[in-house]
Amino acid sequence: MNCTPEIIMMNNSLVVLTTPNNTRWELKKGDVIKFESSLYPTYGHSTSIFCILPIIDGELKEEMEIFNTNEVSYQYTATKDCYYNLGILSASPSSISFHEGTISVIK
């Protein structure tokens, strides 16, 4: 399990989560990558909207999950043997700020 840094995003920003040495996770089909975090309160808006999506071999995929919550628990099961990252895309009208979180791979 690795810790993720605090993340601050503006609307339509993309953050790519990487391994501690700034690379991708090499996963086998059926492995699970899991991200958990929480958001700081958003001032001026009651909701924070964002998407989390897999990045497979450097390509953004459309298999995104949309969140409208302050607690995040996301997991993605690898569909094939290759390299994976996770992307977070902000769709909120104001900035979004994540607390430090965790990312883990379950083999």
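That block above? That's the structure.
These remarks concern the structure in this document.

## Re the overall build of the chain
Scanning the chain from N- to C-terminus turns up 0 helices and 12 strands. Taken from N to C terminus, the helices and strands of the chain fall in the order β-β-β-β-β-β-β-β-β-β-β-β. Taken over the C-alpha trace, the chain has a radius of gyration of 13 Å; the compact-globule value for 107 residues is 13 Å, and the two agree within 12%. For the chain, the exposed surface amounts to about 6100 Å²; the carbon and sulfur share of it is 50%. The positive charge centre, built from 7 side chains, and the negative charge centre, built from 12, are 9 Å apart in the chain.

What counts as what
Residues numbered from 1 in each chain as written. Predicted model: local features only at pLDDT ≥ 70, side-chain atom pairs only at ≥ 80, totals over all residues. Heavy atoms only, no water. Helix = DSSP H or I, 4+ residues; strand = E, 2+ residues; numbered from the N terminus. Rg over C-alpha atoms; globule rule 2.2 N^0.38 Å. Areas by Shrake-Rupley, 256 points an atom, 1.4 Å probe, with all protein chains shown as cover. Lys, Arg positive; Asp, Glu negative; His and termini not counted. Charge placed at Lys NZ, Arg CZ, Asp CG, Glu CD.

Geometry only, nothing functional implied.
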